[in-house]
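# Analysis of the macromolecular model
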Amino acid sequence: MYSLTWKTMAMAALVLQLCFLMLVESSLSHSDKISELPGQPRVGFRQFSGYVTVNVKKKRSLFYYFVEAEVDPASKPLVLWLNGGPGCSSLGVGAFSENGPFRPKGEVLVRNEYSWNREANMLYLETPVGVGFSYSTDSSSYEAVGDEITDCCLLRWTCTIILLWFLKVKRRNSEYMLQYQSRDNLVFLQRWFLKFPQYRHRDLFITGESYAGHYVPQLAKLMIQFNRKEKLFNLKGIALGNPVLEFATDFNSRAEFFWSHGLISDSTYKMFTSVCNYSRYVSEYYRGTVSPLCSRVMNQVSTETSKFVDKYDVTLDVCISSVLSQSKIINPQQVAETIDVCVEDETVNYLNRKDVQKALHARLVGVRRWAVCSNILDYELLNLEIPTISIVGSLVKAGIPVLVYSGDQDSVIPLTGSRTLVHRLANELGLNTTVPYRVWFEGKQVGGWTQVYGNILSFATIRGASHEAPFSQPERSLMLFKSFLEGKPLPEVF
Ligand SMILES: *[C@@H]1O[C@H](CO)[C@@H](O)[C@H](O)[C@H]1NC(C)=O
Ligand SMILES: *[C@@H]1O[C@H](CO)[C@@H](O)[C@H](O)[C@H]1NC(C)=O
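Source: prediction; values computed, not measured.

Counting its secondary structure elements, the chain contains 16 helices and 13 strands. A burial count over the chain gives 45% of its 494 residues as buried. Considering only residue pairs separated by 6 or more positions, the chain has 71% of its internal contacts joining residues 24 or more positions apart.

Set out below in structure tokens:
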């Protein structure tokens, strides 16, 4: 009798505790619920946004925007989307220009018919801190040691010593930054699951583009390591769009792309492949030591390609400011490429409205305005040169399906470099071709080409698409995304 009462009481306590936890968690996620974004059309799915603190001591908080699937979210996977840069916003670029449910147009938001939340619950993360609405109130998190050198120049030698010390510290901090970036992303997801426990063991995919060719594999690798201790992340695959995977191969495929698309002459092509290639130029550029030789070649290349051609889509007219903003970082140009026509970008205007920020539960901390790409983040750009293709290989070996896809009009990370890298990786891993190089269809038209290795490593192009494929080819991109989630080969017939 006694023991029964005890058991009952213990049970009751447990139930109470669980209820309490659930209440706390649901109230948390409720407080992040967006009742409505200013100017949005009526929709049937729920949206959430807000902050997850990833480091209490350094007061680092990451901002997310989460859109549930249009139909039956409980049966659909969870997909994390990350934009590149490094330092560009997944909210502004990914959600509001590429594959999110809305696109800003003047004062209102219009529906994107090919939003990826037709197939999945989409989570957009602004990362690392310093990007978009994500912030740290401890500015050392992104400003490294900014003010140490302001009044240092009493004596030349003191200045030199301090400068050397500064550079060393800066370098060290930057290495931490790389750590921060993927560790913070991992911690973010762990804590985000506390707000959304129903997604905890959901099928999870990580997707992203451009410099996310670094972020995504690094995060996936951390998840696999974490899962050895505690099986938390139900990682089912990663997809990388026009990704930076191996610096030299990716960057040097640009010359042939320019040349074959008529952007440079035969003689300039020759110089761009023999006198100074693009990887060498970028290496010199980021070390602040551009040689006269490379300078001459790049001037010629820039003159011929012209600044009025969008390098992220050589067939598209210029002026997609979010696209161009990414260019400053992974597409450095000696000849200043100021495309001011794009300052009036719709997304920038929209996300800087006070009513929009209020609806999003967003705060501006340490910055005056929301920007597409961070102005304050001090990212170690030489990390660009560290290959991540080997991490992709280790993921495949661990059984994680990988899709590398390319918008085929992009000259920044051209399809040819990515295709070479995937093919080379398949060879290294001893994966045979399971789907031979062939076209795939969307509607009655060719959506692009694809090849699959060992039923786990896939390459696909999206015909007529830019660096930001879902922006310029939304319908084809959605088809690719759907096939990727279902683990099915792309349609062979129509
Ligand atoms: C690019 O230039 C570097 C330095 O001159 C050289 O080592 C490398 O082989 C070149 N790559 C290609 C693809 O031409
Ligand atoms: C790949 O193909 C080769 C040659 O046909 C064959 O010997 C090998 O067993 C295949 N490997 C796998 C993993 O199927």
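After presenting the structure, the write-up continues.
Every residue near ligand 1 is listed here: Ala-248, Asn-252, Thr-273, Asn-277, Ser-279 and Arg-280. Those elements that provide at least two residues to the shell around ligand 1 are α6 (247-260) and α8 (278-286). In terms of residue class, the shell around ligand 1 is built from one nonpolar, four polar and one charged.

This brings us to the environment of Tyr-124. Residue position: Tyr-124 is located in strand β6 (residues 121-126). Once the C-alpha coordinates of Tyr-124 and Ser-89 are considered, the two residues, 35 residues apart in sequence, prove to be 8.9 Å apart. Beyond its immediate sequence surroundings of up to four residues, Tyr-124 is in contact with Tyr-64, Tyr-65, Trp-81, Ser-90, Leu-91, Gly-94, Ala-95 and Gly-100.

Let us look at the pairing of strand β2 (residues 60-67). For β2, a buried count of eight out of eight residues is recorded, marking the element as mostly surrounded by other parts of the structure. Examined bridge by bridge, strand β1 (residues 47-55) and β2 share eight bridges and lie antiparallel to one another. For Tyr-51, the partnering residue across the bridge sits in β2 and is Phe-63. Hairpin connection from β1 to β2: four residues lie between these consecutive antiparallel strands, with Lys-59 at a positive phi of about 50°. As judged from the two bridges shared by β2 and strand β7 (residues 135-136), these two strands associate in the antiparallel manner. Bridge pairing links Arg-60 to Ser-136 in β7.

With that out of the way, let us pick up the packing of helix α5 (residues 212-229) against helix α13 (residues 389-397). Direction vectors running N to C along α5 and α13 enclose 40°, while the axes themselves pass 9 Å from each other. Classed by the angle they form, the pair α5 and α13 counts as oblique. Viewed along their axes, α5 and α13 form a crossing whose handedness is left-handed. The segment α5 lies against α13, with Pro-217, Gln-218, Ala-220 and Lys-221 engaging Ile-391, Val-392, Ser-394 and Leu-395. Among the residues making up the contact of α5 with α13, the classes are represented as five nonpolar, two polar and one charged.

One broad trend across soluble globular proteins is that nonpolar side chains are buried collectively. Tyr-64, Leu-123 and Ile-238 are the most contacted members of the largest nonpolar core, which has 113 residues in total. With residues up to four places along the chain from it excluded, the contact list for Ile-238 reads Phe-205, Ile-206, Thr-207, Val-216, Pro-217, Ala-220, Leu-395, Ile-400 and Val-402.

Once that is clear, we can look at the environment of Gly-132. Take Gly-132: it is sitting in the loop between β6 and β7. For Gly-132, a count of 30 C-beta atoms within 10 Å gives the class buried. Along the chain, Gly-132 and Leu-351 lie 219 residues apart, while their C-alpha atoms are 9.5 Å from each other. Not counting residues up to four positions away in its chain, the partners in contact with Gly-132 are Phe-63, Ser-89, Leu-91, Gly-92, Glu-126 and Trp-370.

Looking at α8, one finds that the buried residues are Tyr-278, Tyr-281 and Val-282. One side of α8 holds all its buried residues, which, seen down the axis, span an arc of 95°. Considering only its buried residues, α8 is in contact with α6 and α9 (292-305).

Taken N-terminus to C-terminus, the directions of α6 and α8 make an angle of 115°; their axes are 7 Å apart at the nearest point. Across from Phe-247, Ala-248, Phe-251, Asn-252, Arg-254 and Ala-255 in α6, the residues of α8 making contact are Tyr-278, Ser-279 and Val-282. Its residues assigned to classes, the contact of α6 with α8 shows six nonpolar, two polar and one charged.

So, about helix α2 (residues 90-99). In terms of burial, α2 is a largely internal element, 10 of the 10 residues being buried. Those residues of α2 that sit buried are Ser-90, Leu-91, Gly-92, Val-93, Gly-94, Ala-95, Phe-96, Ser-97, Glu-98 and Asn-99.

A few words now on the confidence of the model for the chain. Here the chain averages 84 in pLDDT, and 80% of its residues register 70 or above. In this model, residues 21-27 is a region of pLDDT below 50 whose contacts with residues beyond four sequence positions or in other chains number three contacts. Note that residues 334-344 has pLDDT below 50 and, in this model, 18 contacts with residues that lie over four places away or in other chains.

Before going further, it helps to examine unusual backbone geometry. For residues that are not glycine, phi is negative in most cases, and the peptide bond is trans in most cases. Residue Pro-86 is bonded to the preceding Gly-85 through a cis peptide linkage, with omega at -5°. If you trace the backbone, Pro-86 turns up in the loop between β3 (78-82) and α2. Residue Thr-127 is joined to Pro-128 through a cis peptide bond whose omega torsion reads -10°. By secondary structure assignment, the location of Pro-128 is in the loop between β6 and β7. The backbone of Asn-242 shows a phi angle near 35°, a positive value even though the residue is not glycine. Considering the arrangement of structural elements, one finds Asn-242 in the loop between β9 (235-241) and α6. On the basis of neighbour count, Asn-242 is assigned to the buried category, with 29 C-beta atoms found within 10 Å. At Asn-455, a position not held by glycine, the phi torsion is positive, near 55°.

Reading the values: the criteria
Residues numbered from 1 in each chain as written. Chains lettered and ligands numbered in written order. Predicted model: local features only at pLDDT ≥ 70, side-chain atom pairs only at ≥ 80, totals over all residues. Helix = DSSP H or I, 4+ residues; strand = E, 2+ residues; numbered from the N terminus. Buried ≥ 20, exposed ≤ 12 C-beta atoms within 10 Å, placed from the backbone. Contact = placed C-beta atoms within 7 Å. Near = placed C-beta within 6 Å. Nonpolar A, V, L, I, M, F, W, Y, C, P; charged D, E, K, R; others polar. Pairing = 2+ DSSP bridges. Axes fitted to C-alpha atoms, helices over the stretch in contact; angles between N-to-C directions. Parallel < 35°, antiparallel > 145°, perpendicular 65-115°, else oblique. Left-handed = near helix turned anticlockwise from the far one by under 90°. Core = buried A, V, L, I, M, F, W, Y, C linked by C-beta atoms within 7 Å. Arc of directions from axis to C-beta. pLDDT = per-residue confidence, 0-100.

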